Amino acid sequence: MNTPIRYIITSPRLGPSPFAINWIEPVSVWDFDGGLFPSGFVISRAASAFGYDGAGRFISYSAGLLRYDARRLLRTAVIEPAATNLLSRAIASTTIGWTLSGASGSNLALNALGLFPGVTVTSNGAIWHRLNHTDEPAVTNGASYHLRTFFKFGTSGKIVATLRNMTGAVESRVEVSTTTNTVLGAGAGGLDSITLTDLGVDGAYRLGMNITPNFTGTLNIGLGPGSATTGATVTLLGAQFESGTTGSSLINTTGATSTRPADAVTWAAPVGTYDLRIVDGAGAAIDSRSVSVSSGWAPQALPFYPARVLLYPVGTL
């Protein structure tokens, strides 16, 4: 199914369009913020996938529909390559798909980020106490993987992620608060690119990190409050584990690993040479001059999150 879209209608104007530069009009406009596209523009995807509403909560788009991210000044498209969540249960739970290790836990009903009920994970007196994802994804020695965790800080004021080689009885572990992150061990492989993002809604945060395993086998992934104080808590929402070093938008798995198909785009750009302007969600423009456009052209490799894409006659920018 193709995306329903509103095409630009050419009609007499009394003045320049909002996209004109020094009265020079663009040759083609893809305005994702305003929903204006040239005839022939098509985007398709073989399964449903998530975008974001204006508050920053997840919103599901049916197969074949263009996804949007409405969190910033300008609404952007969400155009991504295929990706797979290697965790079989993206949504944290004490009863299905996840297993308590040392900790106590209770299921909540938060609907955080429009999707996650949430789990309160409570330490029983050791920093390793956690909630483990029951299924252990297969990893390869020297390959790169990216873990994303959605959570809310609890009384411990931190979260500890433990990635463990169960066969070798060694683990990599990182402790993260709003001010610091500390790698506590790298026995299962190196951890890097550790980031904490305040999502600005429902008190939720996203923890991201890369791991390069030093073994081939399965990886146990667990998350907890990282506290030796009995009763200290963290609220876990969900997680995603992907191949590569860059995480993508959420892939909700419900019992098996799942692949989000690529957002396939036919830009329908006119063949020729043009100046190219790409505008992001903050309204910032990146210009490229004398860009050659041929059949099957795309303005940028995926992933791509544009608010606007415009082609102008050479010399405009």
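As shown above, the structure is provided for reference.
Everything quoted here is computed from the prediction, not taken from an experiment.

Caption draft 1: Examining the overall build of the chain more closely. Assigned secondary structure in the chain consists of 0 helices and 28 strands. Its C-alpha atoms give the chain principal-axis dimensions of about 75 × 35 × 35 Å. Expressed as a percentage of the 317 residues in the chain, the buried residues total 47%. Restricting to contacts in the chain with at least 6 residues of sequence separation, those with at least 24 account for 68%. Looking at the chain as shown, the accessible area adds up to about 13,400 Å², and 52% of this sits on carbon and sulfur atoms. Across the chain, the centroid of the 20 positively charged side chains sits 3 Å from that of the 18 negatively charged ones.

Caption draft 2: Seen up close, the sheet that holds strand β20 (residues 205-213). Strand order across the open sheet formed by 6 strands is β11-β12-β23-β15-β20-β19, with antiparallel pairing between neighbours. With partners counted over all chains shown, the strands left at the sheet margins are β11 (104-107) and β19 (189-198), one partner each. If you compare each strand with its neighbour and ignore which way they point, the axes differ by 30 degrees on average. Taken together, the 4 bridges between strand β12 (residues 119-122) and strand β23 (residues 233-243) define a ladder with antiparallel strand orientation. Paired with V121 across the strands is V234, a residue of β23.

Caption draft 3: Up close: the pattern of salt bridges. Enumeration according to the criterion identifies 12 salt bridges in this entry. In this structure, R308 and D31 form a salt bridge, with 3.1 Å as the shortest nitrogen-oxygen distance. Of the two residues, R308 sits in strand β28 (residues 308-313) while D31 sits in strand β2 (residues 28-31), which places them 277 residues apart along the sequence. Exposure remark for D31: the relative accessible area of 5% places this residue in the buried category. Residue R173 pairs with E171 through a salt bridge whose shortest N-O separation is 2.3 Å. Among the residues examined, R173 registers a relative accessible area of 12% and is labelled buried. In this structure, a network of salt bridges that share partners links the residues R45, R67, E80, R260 and D263.

Caption draft 4: Representation of the side chain of T120 within the structure. Counting through the fold element by element, T120 comes out in strand β12. Leave out the neighbours within four places in its chain, and T120 touches S104, G105, S106, L108, T233, V234 and T235.

Caption draft 5: View of the environment of V309. Here V309 lies in strand β28. A relative accessible area of 0% means that V309 is categorised as buried. Leaving out residues up to four positions away in the same chain, V309 has contacts with S28, V29, W30, F32, W267, L276, R277, P299 and F304.

Caption draft 6: Region of the structure containing the nonpolar core. Counting residues in hydrophobic clusters, the biggest one holds 31 residues, and the most contacted among them are I159, L163, L207, M209, L219, L236 and F241. Setting aside chain neighbours within four positions, we find M209 in contact with Y145, H146, L147, A161, L163, V174, L191, D192, S193 and I194. Counting residues in hydrophobic clusters, the runner-up holds 21 residues, among them F37, Y68, Y274 and W297.

Caption draft 7: Just the pairing of strand β5 (residues 49-52), in detail. Of the two faces of β5, the one carrying A49 and G51 and the one carrying F50 and Y52 are both buried. Pairing of β5 with strand β6 (residues 58-61), which is carried by 4 bridges, proceeds in the antiparallel orientation. Residue pairing in the sheet places F50 in a bridge with S60 of β6. If you look at the hairpin formed by β5 and β6, you'll find 5 residues sitting between the two strands, and G56 has a positive phi there, around 100 degrees.

Caption draft 8: A look at unusual backbone geometry. Cis geometry is found at the peptide bond from L302 to P303, where omega equals 5 degrees. Looking at the element boundaries, P303 is found in the loop between β27 (285-293) and β28. Residue L113 is not a glycine yet carries a positive backbone phi of 60 degrees. In this structure, L113 sits in the loop between β11 and β12.

Caption draft 9: Summary view of the sheet that holds strand β18 (residues 181-186). Spatial strand order, β10-β13-β22-β16-β17-β18: 6 strands in an open sheet with antiparallel pairing. Each edge of the open sheet carries a strand with a single partner, namely β10 (98-101) and β18. Taking each pair of neighbouring strands and ignoring which way they run, the sheet shows an average axis angle of 20 degrees. Examined bridge by bridge, strand β13 (residues 130-133) and strand β22 (residues 220-224) share 2 bridges and lie antiparallel to one another. What sits directly across from L131, in β22, is L223.

Cut-off values and rules
Residues numbered from 1 in each chain as written. Predicted model: local features only at pLDDT ≥ 70, side-chain atom pairs only at ≥ 80, totals over all residues. Heavy atoms only, no water. Helix = DSSP H or I, 4+ residues; strand = E, 2+ residues; numbered from the N terminus. Buried < 20%, exposed > 50% of the residue type's maximum accessible area, 1.4 Å probe, protein only. Contact = heavy atoms within 4.5 Å. Areas by Shrake-Rupley, 256 points an atom, 1.4 Å probe, with all protein chains shown as cover. Lys, Arg positive; Asp, Glu negative; His and termini not counted. Charge placed at Lys NZ, Arg CZ, Asp CG, Glu CD. Pairing = 2+ DSSP bridges. Axes fitted to C-alpha atoms, helices over the stretch in contact; angles between N-to-C directions. Salt bridge = Lys/Arg side-chain N within 4 Å of Asp/Glu carboxyl O. Core = buried A, V, L, I, M, F, W, Y, C linked by side-chain atoms within 4.5 Å.

Note that all results are geometric; they support no functional claim without further evidence.
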